[in-house]
Amino acid sequence: MKQLMLGNTAIARGLYEAGVGVASSYPGTPSTEVTEEIAKYDEVYSEWAPNEKVAMEVAFGASLAGKRSFCGMKHVGLNVAADPLFTISYIGVNAGMVILVADDPGMHSSQNEQDSRHYAKASKVPMLEPSDSAECLEFAKLAFDISEEFDTPVFIKTCTRIAHSQSIVETGERVERPVKPYVKDIPKNVMMPGNARKKHPIVEKRMADLEAYAEKSPINRVEMGGTKLGIITSSTSYQYVKEVYGEEASILKLGMVWPLPTKMIKDFASKVEKVIVIEELDPFIEEFCNKIGVEVSGKELLPMIDEFSQNLIAKAMGKEACEGISIDENIPVRPPVMCAGCPHRGLFYTLSKNKCTVLGDIGCYTLGAVAPLNAMEVNACMGASISSIHGFNKALGEESEGKTVAVIGDSTFMHSGMTGLANVAYNQSNSTIVIVDNSITGMTGHQQNPLTGLNIKGDPAGHIDLEALCKAMGFNRVRVVDPYNLAETDKVLKEELAAKEPSVIISRRPCALLKYVKHNPPIKCNPDKCKSCKSCMRLGCPAISMKNNKAHIDETLCVGCNVCKQLCAFDALEGNE
Amino acid sequence: MTKNIMIVGVGGQGSLLASKLLGRLLMNQGNDVKVSEVHGMSQRGGSVVTYVRYGEKVYSPIIDKGQADFIISFEKLEAARWLTYLKKGGKIIVNTQEIDPMPVIIGAAEYPADLVDKMKNAGADVDAIDALSLANEAGSSKAVNIVLMGRLSKYFDATEDAWMEALEACVPPKFLELNKKAFMLGRNA
């Protein structure tokens, strides 16, 4: 059946049709919907794992046990899963194992712009790269076949424009796969030095075999057009190239970006006058061409930064690009903001008011760094808030202990905050850690996690008691506050900063966007009482603005959280008594 | 020839449903279609853009400057921001609703005045409409997206039945009547 499908949905469909049995992932934009879509198929066991390393090891275990398995993650998630990746590459698979990694050129929703193709090369794992939803579906199925034929996990790599673009696909039926019996095989599966030394040559042989496969695989194809120019490309860049050049240039379209087909590239180059490699981010294919002695241009014409577009390529190639009309007006930027009623707002207001140095983490609450709160000062990667506050306080001692705070979300804490917390408890820094528990994985669009008590399908699941966990890890001081209550939050923060031992504050209130969260009627501003002091404006709530020099509440946005009311000294903000 | 439609607005205004509806309609008409969306952090009240492209064969999933046949803007400032994507001779449908961005809220910038006139003076074919009032009339301020799809339908070679069929396929049954009403209010405004 023909359907308009998101790239991520198409990958899920392909995995399903290929008979995937177990899927384990951690959410991360732009990869999340793949696993959410798999969860809709009852024939497949699916789950949210606490992090990507766990997810990959779950998929590995399922593959060993004999079921086709999948794990999916964003590019930075692959950093977390890199440890199992490099050694699972040596061990190989029993039933097929597919790993999705979704890059984010342009950093629509990410903290860096890394190019995951380097992981394929470094870990010696083949990588397929679809260029639209139809290929997402096709390559997902093919990836399992390659995995089983060559005894290797297989990457599917996407980017935001593939993952989050819809195009037309033709769906098929699921093929059920019998479980491949697990066989005890210590030399194959136990990677201690003696065994691993024997495996490494096998892995190198596998890569040579895979390169031979890449030479004849139909997913690497030449589209001959004009011979003045030959373009080597893949992924969404292929689509931009087709848009700009049509039949004017010849194209080598790579569906498999590792290993690369040496002979095919040389043959292609011999048929055209000059060759340009058009690829987003790093010169990965370009450097390979240089290595095999094929003269190409690439990054001297095209940027290593940001995503491409048809106009960008046209301009870089000296062709005419479209220009639009514009008005001579300074248009204010519209960055993302914490939603009206966001429980993080009350906490960050309090941290800002107390002039705390805040080491932050990855989630919606990273928006605590933007104006007017400007309350987060550092943010690197998942879990870094807790580990780095420990280093910060060890370096400065009492000078920083009384005013420095780590802020980490509930899902991020389960992902990689616990090991940092163990370090604080073990090596005893007098650190104050705030876990903002909004009872969901928020920024990626509401996924369950081990603290919510529900599984990926929304059914009851195991539930980890956060307070008990922190206490068991050696924290005597574990406090819970409601961030809608500013006075309470302020009092507890001051007490825990003053305490001469490590402490955890759990700032707990469900995300205001959760369906089960009941909203209060909107607050109203009484203009007769409003003295235009703008105290309420310090919250950075998108529902509050100044109209005719009086505070004005946008009723379509306000959820009646009452936090602004607590800042008004003149009782001008009314409602929800 | 590939045709290009952009849907722009503020995260949370329902552009994903609008693009889903449009994609469905265009596919039902036998077109090749690509729709490119924004998920994730930018959705949190930020400026969001969705690209819808259709024709015999569509390659790129995105629309570039000077390429859009239609821009449907859910908010006035966003219309001005994305105007440069409009093709010469293209049409921009603008919801006149104003949503202050954070720099305006905190007083670091002003919401520009007379944007519709300025866009017209720059040579843009502007169709300005108070979609929020019509959405409220239909029964929910959240139906702004469908009001604007109704407005777009005026300029489109597709029957009312075809739009309704797409609407039925994209909207949950309990909101169908409200959305149908919103659509017709936009179409007939």
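Provided above is the structure to which this section pertains.
Residues numbered from 1 in each chain as written. Chains lettered and ligands numbered in written order. Predicted model: local features only at pLDDT ≥ 70, side-chain atom pairs only at ≥ 80, totals over all residues. Heavy atoms only, no water.

**A closer look at the pattern of salt bridges**
When the charged atoms of two side chains lie near each other, side chains of opposite charge can form a pair.
Residues and elements named next belong to chain A.
Right, so step 1: Overall, the coordinates contain 48 salt bridges over all chains when judged by the stated rule.
Right, so step 2: Its salt-bridge partner being Lys 494, residue Asp 490 comes within 2.8 Å of it at the nearest N-O pair. Taken together, the residues Asp 490 and Lys 494, both in helix α21 (residues 486–498) and 4 residues apart, mark about one turn of the helix.
Right, so step 3: On the basis of relative accessibility, which here comes to 12%, the residue Asp 490 falls in the buried class.
Right, so step 4: Salt bridges sharing partners connect three or more residues here, namely Glu 135, Arg 221, Glu 223, Lys 242, Glu 247 and Lys 253. (Salt bridge = Lys/Arg side-chain N within 4 Å of Asp/Glu carboxyl O. Helix = DSSP H or I, 4+ residues; strand = E, 2+ residues; numbered from the N terminus. Buried < 20%, exposed > 50% of the residue type's maximum accessible area, 1.4 Å probe, protein only.)

**Comments concerning the side chain of Arg 68 of chain A**
All names here are of chain A.
Right, so step 1: For Arg 68, the location among the structural elements is in the loop between α3 (52–65) and β4 (69–74).
Right, so step 2: A polar contact is formed between the side chain of Arg 68 and the side chain of Glu 148, at a distance of 2.8 Å.
Right, so step 3: Not counting chain neighbours up to four residues away, the residues in contact with Arg 68 comprise Ala 18, Gly 19, Val 20, Gly 21, Val 22, Ala 95, Gly 96, Phe 144, Asp 145, Glu 148 and Arg 177. (Polar contact = N/O pair within 3.5 Å; in protein donor to acceptor, adjacent residues only side chain to side chain. Contact = heavy atoms within 4.5 Å.)

**Some details on the pairing of strand β17 (residues 477–481) of chain A**
Residue and element names in this part refer to chain A.
Right, so step 1: Pairing of β17 with strand β18 (residues 503–508), which is carried by 5 bridges, proceeds in the parallel orientation. What sits directly across from Val 480, in β18, is Ile 506.
Right, so step 2: Note that the unit made of β17, α21 and β18 has a crossover that is right-handed. (Pairing = 2+ DSSP bridges. Right-handed = clockwise from strand over helix to strand, strands pointing away.)

**Brief notes about the sheet that holds strand β11 (residues 250–254) of chain A**
Residue and element names in this part refer to chain A.
Right, so step 1: Spatial ordering of the open sheet is given by β9-β11-β10-β13, a layout of 4 strands whose pairing is mixed. In this open sheet, the two edge strands, each paired with only one partner strand, are β9 (220–223) and β13 (274–278). Averaged over all pairs of adjacent strands, the angle between strand axes in this sheet comes to 15°, irrespective of strand direction.
Right, so step 2: In terms of strand pairing, strand β10 (residues 229–234) meets β13 through 5 bridges, oriented parallel. Along β13, the bridge assignment pairs Gly 230 with Val 275. (Axes fitted to C-alpha atoms, helices over the stretch in contact; angles between N-to-C directions.)

**Quick word on the interface of chain B and chain A**
Right, so step 1: Listed per partner, the contact involves 57 residues of chain B and 59 residues of chain A.
Right, so step 2: For the pair chain B and chain A, the two sides together bury roughly 4,900 Å², of which 60% comes from carbon and sulfur.
Right, so step 3: The interface formed by chain B and chain A contains 5 salt bridges.
Right, so step 4: For the salt bridge of Asp 100 of chain B with Lys 547 of chain A, the shortest nitrogen-to-oxygen distance reads 3.8 Å.
Right, so step 5: The tally of links from chain B across to chain A stands at 22 residue pairs in polar contact (both at pLDDT 80 or more).
Right, so step 6: Looking at the side of chain B that touches chain A, the elements that each hand over two or more residues are α1 (15–28), β2 (32–36), β3 (47–55), α2 (76–82), β5 (86–95), α3 (102–105) and α4 (115–121) of chain B.
Right, so step 7: Looking at the side of chain B that touches chain A element by element, the count peaks at 5 residues for β2 of chain B. (Buried area = accessible area lost by both parts, 1.4 Å probe.)

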